[in-house]
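Listed here are the chains, written in short residue letters.
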Amino acid sequence: VQLQASGGGLVQAGNSLRLSCAASGRSLSDYTMGWFRQAPGKEREFVAAIRRNGGSTHYADSVKGRFTISRDVAKKTVYLQMNSLKPEDTASYYCAAGSRIILSQIGVAPSYDYWGQGTQVTVSS
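Predicted model, so just to flag it, every value in this text is computed and none were measured. (Residues numbered from 1 in each chain as written. Predicted model: local features only at pLDDT ≥ 70, side-chain atom pairs only at ≥ 80, totals over all residues. Heavy atoms only, no water.)

Draft legend 1. Representation of the pairing of strand E9 (residues 91-98) within the structure. Burial analysis of E9 places 8 of its 8 residues in the buried class, which makes it a mostly covered element. Bridge count for strand E4 (residues 32-38) against E9 is 7 bridges, and the pairing is antiparallel. Paired with Phe36 across the bridge in E9 is Tyr94. In this structure, E9 lies alongside strand E11 (residues 119-124), joined through 3 bridges in antiparallel fashion. Pairing of Ala91 across the sheet is with Val121, part of E11. Of the strand pairs in this sheet, E9 and strand E10 (residues 114-115) are connected by 2 bridges, and their pairing is antiparallel. Residue pairing in the sheet places Ala97 in a bridge with Tyr114 of E10. (Buried < 20%, exposed > 50% of the residue type's maximum accessible area, 1.4 Å probe, protein only. Helix = DSSP H or I, 4+ residues; strand = E, 2+ residues; numbered from the N terminus. Pairing = 2+ DSSP bridges.)

Draft legend 2. Expanded view of the pattern of salt bridges. Enumeration according to the criterion identifies 5 salt bridges in this entry. Between Lys64 and Asp61 there is a salt bridge, with its nearest N and O atoms 3.1 Å apart. Looking at Asp61, the relative accessible area reads 65%, which means it is exposed. A salt bridge links Arg66 to Asp89; its shortest N-O distance comes to 2.8 Å. Separated by 23 residues along the polypeptide, Arg66 in the loop between strand E6 (57-59) and strand E7 (67-72) and Asp89 in the loop between strand E8 (77-82) and E9 bring together distant segments of the chain. Comparing Arg66 with Asp89 shows no difference in burial state: the two are buried. In this structure, a network of salt bridges that share partners links the residues Arg37, Glu45, Arg66 and Asp89. (Salt bridge = Lys/Arg side-chain N within 4 Å of Asp/Glu carboxyl O.)

Draft legend 3. Just the sheet that holds E7, in detail. Taken in spatial order, the 4 strands make up an open sheet running E1-E3-E8-E7, and their pairing is antiparallel. Every interior strand has two partners, whereas the edge strands, strand E1 (2-6) and E7, have only one. Along the sheet, successive strands turn relative to each other by an average axial angle of 15°, direction set aside. As paired elements, E1 and strand E3 (residues 17-24) share 5 bridges and run antiparallel to each other. Opposite Ser6, over in E3, you have Ser20 as the bridge partner. (Axes fitted to C-alpha atoms, helices over the stretch in contact; angles between N-to-C directions.)

Right, here's the structure in full:
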């Protein structure tokens, strides 16, 4: 599967952005889809995921209650709605897909097989 992320930009703190990840190839239902982010000088960190079986969602504590991951299977697109953005959310955001991810590994980047290019999100204070 090929992934194409978009929707990043420059916003003020408190505002919102919606990221999109368009997939080509197999159905999104065949994959657990995740969003990760990486700030300069920092390691890539888990943000959110939606499981292929049943579509349950999972979030990092730092974004819980502010970010929402969703998917449109017909459009083969995964979204990350980001509300109440903070300067510490500034990073490159990456979408990823994996077909055999167990729940305990859902936040682990090497568990994912496919990655899109990053889209930059910059939040000014």
